[in-house]
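Chains, contacts and geometry: an overview
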Amino acid sequence: DAGVIQSPRHEVTEMGQEVTLRCKPISGHDYLFWYRQTMMRGLELLIYFNNNVPIDDSGMPEDRFSAKMPNASFSTLKIQPSEPRDSAVYFCASSLGQGEYEQYFGPGTRLTVT
Amino acid sequence: GNSVTQMEGPVTLSEEAFLTINCTYTATGYPSLFWYVQYPGEGLQLLLKATKADDKGSNKGFEATYRKETTSFHLEKGSVQVSDSAVYFCALTYPFSGGYNKLIFGAGTRLAVHP
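Residues numbered from 1 in each chain as written. Chains lettered and ligands numbered in written order. Predicted model: local features only at pLDDT ≥ 70, side-chain atom pairs only at ≥ 80, totals over all residues. Heavy atoms only, no water.

1. Structural notes on the sheet that holds strand β8 (residues 74-79) of chain A
Residues and elements named next belong to chain A. Definition in use: Strands qualify as paired when DSSP identifies two bridges or more between them. Numbering of helices and strands starts at the N terminus; helices are DSSP runs of H or I of at least 4 residues and strands are runs of E of at least 2. For helices, the fitted line uses only the C-alpha atoms of the stretch in contact; every axis is such a line through C-alpha atoms, and the angle between N-to-C directions lies from 0 to 180 degrees.
Read from one edge of the open sheet, four strands run β1-β3-β8-β7, paired in antiparallel fashion. Edge positions in the sheet fall to β1 (5-7) and β7 (65-71), since each of these pairs with one other strand and no more. Neighbour-to-neighbour, the strand axes of this sheet turn through a mean angle of 15°, independent of strand direction. As paired strands, β1 and strand β3 (residues 19-24) are joined by three bridges and run antiparallel to one another. Paired with Gln6 across the bridge in β3 is Cys23.

2. Here's the deal with the pairing of strand β10 (residues 86-95) of chain B
Residue and element names in this part refer to chain B. Quick note on the threshold: Note on classification: 1.4 Å probe, protein chains only; a residue is buried when its accessible area is under 20% of the maximum for its type, exposed when over 50%, partly exposed between these limits.
Among the ten residues that make up β10, nine are buried, leaving the element largely enclosed by the rest of the structure. Alignment of strand β5 (residues 32-38) against β10, held across seven bridges, turns out to be antiparallel. Looking across to β10, one finds that Phe34 is bridged to Ala91. As defined by bridge partners, β10 adjoins strand β11 (residues 101-105) across five bridges and the pair is classed as antiparallel. Of the residues in β11, the one forming a bridge with Thr93 is Leu103. Turn length for the β10-β11 hairpin, with the two strands adjacent in sequence and antiparallel, is five residues, and the turn residue Gly98 shows positive phi of about 70°.

3. Some details on the side chain of Thr93 of chain B
Let me state the cut-off plainly: Contacts: residue pairs with any heavy atoms within 4.5 Å of one another.
Mapped onto the elements of the fold, Thr93 of chain B is located in strand β10. Sequence-distant contacts of Thr93 of chain B, that is, excluding residues within four places in its chain, are made with Gly99 of chain A together with Pro31, Ser32, Phe34, Asn101, Lys102 and Leu103 of chain B.

4. Some thoughts on the nonpolar core
Applicable threshold: Here, the term nonpolar core denotes a set of buried Ala, Val, Leu, Ile, Met, Phe, Trp, Tyr and Cys residues that are joined through side-chain atoms within 4.5 Å.
Counting residues in each nonpolar core, the largest one holds 28 residues, and the members touching the most others are Leu19, Trp35, Leu47, Leu48, Phe73, Leu75 and Tyr88 of chain B. Where this core is concerned, the elements lending two or more residues are β2 (11-14), β3 (19-21), β4 (23-26), β5, β6 (44-50), β8 (62-65), β10 and β12 (109-114) of chain B. Sort the elements by how many residues they give to this core and β10 of chain B lands first, with five residues. Sequence-distant contacts of Phe73 of chain B, defined by excluding residues within four places in its chain, comprise Cys23, Leu33, Phe34, Trp35, Leu48, Lys49, Ala50, Ala64, Thr65, Tyr66 and Cys90 of chain B. Core analysis: the second largest hydrophobic core is formed by 21 residues, Val4, Cys23, Ile26 and Leu46 of chain A among them.

Listed below in structure tokens is the structure:
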């Protein structure tokens, strides 16, 4: 398997623009996670899905952020409108299960909002 | 609440030196404990894990023992290599509502190994 695939790898956009990040999890994995990594706040869980259903979105910063998983092989994280403080690396991860199961991370999308 | 505390970095070592990165946790119940590693420009990957007290996780020469009495899961390696330079994250899972679990990470410790 190719692993978790994220696109784009880098995104530079202006404040106020809409940004969509994409993720393809590993086939057969029932769980999908979106994380944000910054120097100030470290690695934060934004939202996670089980069988395409959002389980916990308490980490989503505010209403400007939304995530969807229309099918088992695709998820999006959208920011609208984007702000400079959203600049970060966004990771998608997937796993077969939860608890002691390993999470497999994608390479991340580095977002810069100017 | 549930949390993970790691020693601050960066940790700078010479090749073949002994490595210890401290990790302590606060959790209700009996969490599973993990070390993840992040190489430059990449996502995190699991290095090792332990799911119950006194378990020892090991991989690629790294080891960590789940110590319930001291709520610790320190990472050790007897002889580091330049290729071990990375950021290391301690993490734990804890029960969430509805029978689900959440994984939380420490702040990460950067390791730099010089020849």
